[in-house]
Amino acid sequence: MTSRVGCISEQRLQKLANIRAMGIDPYPPRYHRTHTTQQAAELLTQQEQSGKAETGEVSIAGRIMANRVMGKISFMDIHDSSGKIQLFLSKNELGEQSITLLKELDIGDIIGAEGVIFRTRSKEPTVRVKTLTLLSKSLQPLPEKWHGLSNVEIRYRQRYLDLISNEEVKKTFRLRSQVVSAVRHFMDGNGFMEVETPILQPEAGGAAAKPFITHHNTLDRDLYMRIALELYLKRLIIGGFDKVYEIGRIFRNEGISFKHNPEFTMMESYEAYADYNDVMNRVEEMVSSIAQEALGAISVKFGDTTIDFKTPWQKMTLRDAINQHSGIDFVQHPNVDLLRAKMKEKGIEVDPQKNWAHLVDELLSTFVEPKLIQPTFLLDYPVSMSPLAKRKPGQERVAERFEAFAGGMEIANAFTELNDPLDQRERFVQQAKEHQQHDEKETIDEDFLLALEYGMPPTGGLGMGIDRLVMLFTNSQSIREVILFPQLKEKIE
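Cut-offs used in this document
- Residues numbered from 1 in each chain as written.
- Predicted model: local features only at pLDDT ≥ 70, side-chain atom pairs only at ≥ 80, totals over all residues.
- Heavy atoms only, no water.
- Helix = DSSP H or I, 4+ residues; strand = E, 2+ residues; numbered from the N terminus.
- Buried < 20%, exposed > 50% of the residue type's maximum accessible area, 1.4 Å probe, protein only.
- Contact = heavy atoms within 4.5 Å.
- Areas by Shrake-Rupley, 256 points an atom, 1.4 Å probe, with all protein chains shown as cover.
- Lys, Arg positive; Asp, Glu negative; His and termini not counted.
- Charge placed at Lys NZ, Arg CZ, Asp CG, Glu CD.
- Phe/Tyr/Trp six-rings, centres within 6.5 Å; stacked < 30°, edge-to-face > 60°.
- Lys NZ or Arg CZ within 6 Å of the ring centre and 35° of its normal.
- Pairing = 2+ DSSP bridges.
- Core = buried A, V, L, I, M, F, W, Y, C linked by side-chain atoms within 4.5 Å.
- Salt bridge = Lys/Arg side-chain N within 4 Å of Asp/Glu carboxyl O.
- Axes fitted to C-alpha atoms, helices over the stretch in contact; angles between N-to-C directions.
- Polar contact = N/O pair within 3.5 Å; in protein donor to acceptor, adjacent residues only side chain to side chain.
- Parallel < 35°, antiparallel > 145°, perpendicular 65-115°, else oblique.
- Left-handed = near helix turned anticlockwise from the far one by under 90°.

S.K.: Explain the overall build of the protein to me, please; I cannot follow it from the model alone.
M.R.: Helix and strand counts for the protein come out as 14 helices and 19 strands. Referenced to the eigenvectors of the C-alpha coordinate spread, the extents of the protein come out at roughly 90 × 60 × 50 Å. Taking all 493 residues of the protein together, the buried fraction comes to 50%. Restricting to contacts in the protein with at least 6 residues of sequence separation, those with at least 24 account for 65%. With an accessible surface of roughly 24,100 Å², the protein has 50% of that area assigned to carbon and sulfur atoms. With 61 positive and 70 negative side-chain charges, the protein shows a spacing of 7 Å between the two charge centroids.

S.K.: Would you take a moment to explain the packing of aromatic side chains for this structure?
M.R.: A ring pair, where both rings are aromatic, is described by two values, the distance of the centres and the angle of the planes. On inspection of all chains with the given rule, the structure shows eight aromatic pairs. Their ring planes at 25 degrees and their centres at 5.0 Å tell us that tryptophan 313 and phenylalanine 377 sit as a pair that is stacked. Pair noted here: tryptophan 313 is in the loop between β13 (305–308) and β14 (314–317) and phenylalanine 377 is in strand β15 (residues 376–382), with a separation of 64 residues, a long-range link. Pairing phenylalanine 330 with tryptophan 356 gives two aromatic rings, centres 5.9 Å apart and planes at 80 degrees, and the pair type is edge-to-face. One end of the pair, phenylalanine 330, is in the loop between α9 (318–326) and α10 (336–345); the other, tryptophan 356, is in helix α11 (residues 356–368), with 26 residues separating them in the sequence. In this structure phenylalanine 330 comes out as buried when scored by relative accessible area, which is 5%. By the ring-pair criterion, three or more aromatic residues cluster together here, those being Phe309, Trp313, Phe377, Phe402 and Phe473. The positively charged end of arginine 128 is found above the aromatic ring belonging to phenylalanine 118, 4.4 Å away from the centroid.

S.K.: Would you mind going over the sheet that holds strand β7 (residues 200–201) with me for this structure?
M.R.: For sheets, the rule is that strands pair by backbone hydrogen bonds, running either parallel or antiparallel. Strand order across the open sheet formed by three strands is β7-β9-β8, with antiparallel pairing between neighbours. What marks the edges here is a single partner per strand, and that holds for β7 and β8 (213–216). Alignment of β8 against strand β9 (residues 221–225), held across four bridges, turns out to be antiparallel. Following the sheet pairing, isoleucine 213 is matched in β9 by tyrosine 224.

S.K.: Teacher, can you tell me more about the nonpolar core here?
M.R.: One recurring pattern in soluble globular proteins: nonpolar side chains tend to sit buried together. Judged by nonpolar contacts, the single largest core of 45 residues is most densely connected at Met267, Met464 and Phe473. At nine residues, helix α8 (residues 276–295) tops the list of elements feeding residues into this core. If near-sequence neighbours (up to four positions away) are discounted, methionine 464 is found in contact with Val183, Thr265, Met266, Met267, Met286, Val287, Ile290, Ile411, Ala412 and Leu469. In this structure, Ile64, Leu87, Ile111 and Leu134 belong to the second largest nonpolar core, which totals 24 residues.

S.K.: How should I be thinking about the pattern of salt bridges in this particular structure?
M.R.: Once their charged atoms are close, side chains differing in charge can pair, the charge on each being opposite to the other. Enumeration according to the criterion identifies 36 salt bridges in this entry. Of the charged contacts in the structure, one is a salt bridge between aspartate 445 and arginine 235, with a shortest N-O distance of 3.2 Å. Placement of the pair is aspartate 445 in the loop between α12 (421–434) and α13 (446–453) and arginine 235 in helix α7 (residues 230–239), with a sequence separation of 210 residues. In this structure aspartate 445 comes out as buried when scored by relative accessible area, which is 7%. Relative accessible area serves as the criterion here: at 15%, arginine 235 is assigned to the buried category.

S.K.: So what exactly am I meant to see when it comes to the sheet that holds strand β5 (residues 125–136) here?
M.R.: The five strands lie next to each other as β1-β2-β3-β5-β4, forming a closed barrel whose pairing is mixed. Put simply, the sheet's adjacent strands are angled 55 degrees from each other on average, direction ignored. Two elements, strand β4 (residues 110–119) and β5, share ten bridges in a ladder whose sense is antiparallel. Across the sheet, the residue bridging to glutamate 114 is threonine 131, located in β5. Its contacts with the sheet put helix α2 (residues 37–49) on β1 (56–70), β2 (73–80), β3 (83–90), β4 and β5, and the angle it makes with β4 is roughly 15 degrees.

S.K.: I tried to follow the pairing of β15 on my own but got confused; where do I start?
M.R.: In terms of burial, β15 is largely enclosed, as seven of its seven residues are buried. Across four bridges, the pairing between β14 and β15 is parallel. When the sheet's bridge partners are listed, methionine 316 is paired in β15 with leucine 378. Examined bridge by bridge, β15 and strand β17 (residues 395–406) share six bridges and lie antiparallel to one another. In the sheet register, threonine 376 faces β17, and the bridge partner there is phenylalanine 405.

S.K.: Explain the side chain of aspartate 467 here, please?
M.R.: With respect to the secondary-structure elements, aspartate 467 resides in helix α14 (residues 466–474). With relative accessibility at 2%, the residue aspartate 467 sits in the buried group. Engagement of the side chain of aspartate 467 in a polar contact is seen with the side chain of arginine 176, the distance being 2.8 Å. Among all residues touching aspartate 467, those that are not within four sequence positions of it are Arg176, Arg249, Phe264, Thr265, Ile479, Val482 and Ile483.

S.K.: Honestly, the packing of α7 against α13 in this entry has me stumped. Any pointers?
M.R.: To characterise two packed helices, one gives the angle between the axes of the helices and the distance between these axes. The contact between α7 and α13 brings their axes to 10 Å, and the two run at 25 degrees. Classed by the angle they form, the pair α7 and α13 counts as roughly parallel. In the crossing of α7 with α13, the sense of the turn from one axis to the other is left-handed. Residues Leu231, Lys234, Arg235 and Ile238 of α7 pack against Asp447, Phe448, Ala451 and Leu452 of α13.

Read these as layout, nothing more, since geometry by itself doesn't imply function.
Quick look at the structure:
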């Protein structure tokens, strides 16, 4: 294998040696910064408004992103997390050591600069540097500055370069942070308590998905990385907390696509004495509130269209939606053979291993989901697709469940939660039988069933995908654009 040292620029290594020979530590342990670049620019505005001249002393730090040498003077642009600012460096004003150090600097180096803030003739906020300090010598050249980092593989694998090179990427992840904060503000403001539940679990429950498995050496037992937050949050409802939520990582050992990553972030909430109608109202209010707080508007540009999150959202039953877009009424084909035959009649290729519920889900994902661009609720799913949802009164095969869609993808899933422990056990057993032939994991969580036997009040539950919501708010067409470090294939040297 090639040594990493062999990949480092020889010129930069020589400069590093020169700096050390000057008695300068190229990686000092600390630096006192008085202002960010943005704060320095704001200080300049304040001193101009007060009528002062060049009196704003600042000590700033950042990465060199541009260097323009003009004889005895140089102009540098340095960037920090708040923005950028220009440095003015004159050999007539710098100390001898700073002048010597200046020759050894490269684009990508991180420096500190002390001086006076002023505005140039071109109105650019600038620091007239008196003292220059090297804080970290960069041994690798940055991507070509005029085009930024465009190679998708490198962008995802070396996200730090992506963040250095592409300001829009920084904006995306700042917005993601704001979205998560807005979710918390909304939930906290509506009386919900944020909690934390185990990531490593003895049973992989709460969803139908293939889990990641690990082994705990001390306990000498296999554990599953959670595929849902649901069952532990319901335990808290049983325990007497009426409103709980968690924002947490979920892990599913499944495929990767533009809207799927093996680890992703969910917000799940449970509210005692509420049903799926109450949750539906809360989702509308929450998403529009998050958009307003994070974006300052309740409509967003996504692809070639504008999505408006203004309430109320469109509502239709799952049955009507699938019938309208595929021409198949699944209620009229109540078993797998009838539904499979109808799909074949329509020219739809059918996987013979899929059960009836999977076929209905395929009709939804193929014919309906891509068309749901504006926010839409699909209501009343078959019980066989919803093992944790309560039956709709008077409709034995229909569950009180909805999914919310926008931008052609699902963003939320909610139930009136099943609280009958005997019915829940029967459904777990049935699900386990049906999923034996698939990679999906639907286990029987005996401890959860025991908890349910102590009594759970009527409850409305919600799961909302944070990553997909951020995709909508940032006009990102891939989930990898909104996850800082997405899963990738092993790199082949």
